[in-house]
Amino acid sequence: NRGTIQTMQLLNEFVRKKRDVFEPFVSPRVDYKNILMLSYYRNTLIHIFLKEIFIAVSLLGFGRDTIKEKGVSKERVWAKTEYLLDLLSKIFIQDSGKLKTYSDFDETLEFMAKRGIVFIEEDQIKYETPADKPNGLLFLCNMIWPFVDTFWLTLVFIYTLYPRHKIEQSKILNKIQWFAESLYEDNIVLHYESCSQDVINSAVKHFIDKEMLIVETIKTEGGEETYICLHPTFQENDELIQNEFDKVSFY
């Protein structure tokens with residue numbers, strides 16, 4: 001339609017068409033600005049689908065075979081959705097996009113079922129990849145997977161602080177961003193947007209709020225220096241770090 005044609009003309013510098021498929025126009029280590037520009041346009045749409053997105057990512061975390069063959073109970077998906085909402089609470093702050101209660105969750109799920117995004121059989125949520133129409137579940141998940149990856153890679157970096165390593169607070173964002181870009185170039189992290197310092201900063205603040213990380217101020221001859229390190233509880237038991245890592249890796 002006319003709107004689509006005009007949109008693609010606007011994005012002509014950032015996407016290219018192969019047959020009937022549009023894809024980002026990027027070259028490794030060269031066109032990162034194109035990725036960021038496309039993510040900017042995408043991020044303006046996230047709030048429209050935010051409730052459905054949290055449910056979609058939580059559901060797909062159980063695995064495609066499981067949600068296709070057996071399905072997953074509403075209660076289990078809600079538990080994962082609650083964790084994800086808390087994890088990304090510093091990123092998505094709009095009240096309109098929050099699933100505040102199980103009732104909100106259930107209403108949104110019913111809406112998704114009416115749109116054919118998921119199927120509900122008794123108390124089980126199921127999904128099957130459509131053969132002849134767009135994949136609605138993947139569309140939703142791709143909206144926020146880059147943000148989830150940022151929290152994941154931040155946790156990987158935090159692991160390097162075990163048991164009692166410290167890092168200057170003024171340097172931690174740059175170090176995590178460098179680490180993120182290295183993972184992206186090695187194709188371990190799939191989204192360049194995951195290297196955003198703003199999102200990394202939100203991830204660090206989240207883990208400080210959860211008392212996984214602490215901020216220490218040490219007096220020196222020249223004044224004071226502020227460091228970030230693991231909370232003493234996590235310094236004594238790396239299994240606690242692994243547990244947090246497993247929770248984020250689920251998505």
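To start, this report covers the structure provided alongside it. Position numbers for residues start from 1 in each chain and track the written sequence from start to end. Restriction of local features to residues with pLDDT of at least 70 applies here, the model being predicted, together with a cutoff of 80 or more for giving and counting side-chain atom pairs; totals for whole chains, interfaces and linings are based on all residues. By convention in this description, side-chain values take in all heavy atoms of the structure and omit both hydrogens and water.

1. So, the packing of aromatic side chains
Counted only if it meets this: Put simply, two rings from Phe, Tyr or Trp (the six-membered ring, in Trp's case) pair if the centres are within 6.5 Å, and we call them stacked under 30 degrees between planes, edge-to-face over 60, tilted for the rest. Secondary structure elements are taken from DSSP: a helix is a run of H or I of four residues or more, a strand is a run of E of two residues or more, and numbering for both begins at the N terminus. Each residue gets one of three labels from its accessible area relative to the maximum for its type: buried under 20%, exposed over 50%, partly exposed in between, using a 1.4 Å probe on protein chains only. In this analysis the charged atom, NZ for Lys or CZ for Arg, is taken to sit over a ring once it is within 6 Å of the ring centre and within 35 degrees of the ring normal.
One pass over the structure, following the stated rule, counts 13 aromatic pairs. Pairing Phe151 with Phe207 gives two aromatic rings, centres 6.2 Å apart and planes at 65 degrees, and the pair type is edge-to-face. One end of the pair, Phe151, is in helix H6 (residues 136–159); the other, Phe207, is in helix H8 (residues 197–209), and 56 residues separate them in sequence. Relative accessible area serves as the criterion here: at 2%, Phe207 is assigned to the buried category. Three or more aromatic residues link up through ring pairs in this structure, and these residues are Phe62, Tyr83, Phe250 and Tyr251. Taking the ring centre of Phe250 as reference, the NZ or CZ of Lys80 above it sits at 4.3 Å.

2. A closer look at H8
It helps to recall that an α-helix has 3.6 residues per turn; residues three or four apart then point in one direction. The test is simple: Multiplying 1.5 Å by the residue count of a helix minus one yields the expected span of that helix. We call two residues in contact when some of their heavy atoms are within 4.5 Å. Distance and chemistry together define a polar contact, namely a pair of N or O atoms within 3.5 Å, with one atom able to donate a hydrogen and the other to accept it when in protein, and with adjacent residues in sequence counting only for side-chain atoms on both sides.
For H8, with 13 residues, the first-to-last C-alpha span of 18 Å sits near the 18 Å given by 1.5 Å per residue. Residues of H8 that are buried sit in contact with helix H4 (74–87), H6, helix H7 (169–185), strand E7 (213–220) and strand E8 (223–230). By the N-cap criterion, in which a side-chain oxygen at the helix start approaches the backbone nitrogen of a residue two or three places on, H8 is capped by Ser196, the distance to Asp198 being 3.3 Å. Residue Glu211 follows H8 closely and has a positive phi angle near 60 degrees.

3. Remarks on the side chain of Ser58
Mapped onto the fold, Ser58 is located in helix H2 (residues 32–60). One polar contact links the side chain of Ser58 to the main-chain carbonyl oxygen of Phe54, over a distance of 2.8 Å.

4. Examining the packing of H6 against helix H10 (residues 238–249)
To keep things clear, this is the line we draw: As a rule, the C-alpha atoms of each element are fitted with a line to give its axis, helices using only the stretch in contact, and angles between N-to-C directions run from 0 to 180 degrees. Roughly parallel refers to an angle under 35 degrees, roughly antiparallel to one over 145, roughly perpendicular to one between 65 and 115, and oblique to any angle outside these ranges. A clockwise turn of the near helix away from the far one marks a right-handed crossing, whereas an anticlockwise turn of less than a right angle marks a left-handed crossing. In this classification, the charged set is Asp, Glu, Lys and Arg, the nonpolar set is Ala, Val, Leu, Ile, Met, Phe, Trp, Tyr, Cys and Pro, and all remaining amino acids, among them Gly, are polar.
Two numbers describe how H6 lies on H10: the axes approach to 10 Å, and their chain directions differ by 165 degrees. With respect to their mutual orientation, H6 and H10 come out roughly antiparallel. Between H6 and H10 lies a crossing whose hand is left-handed. Between H6 and H10, the contacting residues are Val148, Phe151, Trp152, Leu155, Val156 and Tyr159 on the first element and Asp238, Ile241, Gln242, Glu244, Phe245, Val248 and Ser249 on the second. For the contact of H6 with H10, the per-class residue count stands at 9 nonpolar, 2 polar and 2 charged.

5. Here's the deal with unusual backbone geometry
Along the chain, Tyr162 connects to Pro163 via a cis peptide bond; the corresponding omega equals 0 degrees. The backbone of Glu122 shows a phi angle near 55 degrees, a positive value even though the residue is not glycine. Among the structural elements, Glu122 can be located in the loop between strand E4 (119–121) and strand E5 (124–126). Here the phi dihedral of Asn187 falls at roughly 60 degrees; this positive angle occurs in a residue that is not glycine. The class of Asn187 is exposed, set by a relative accessible area of 61%.

6. Description of the side chain of Thr81
For Thr81, the location among the structural elements is in helix H4. According to the relative accessible area criterion, Thr81 is buried, its value standing at 0%. A distance of 2.7 Å separates the side chain of Thr81 from the backbone oxygen of Val77, its partner in a polar contact. Every residue in contact with Thr81, bar those within four places of it in the chain, is listed here: Phe54, Ile55, Ser58, Leu99 and Phe105.

Purely geometric stuff here, so don't read any function into it on its own.
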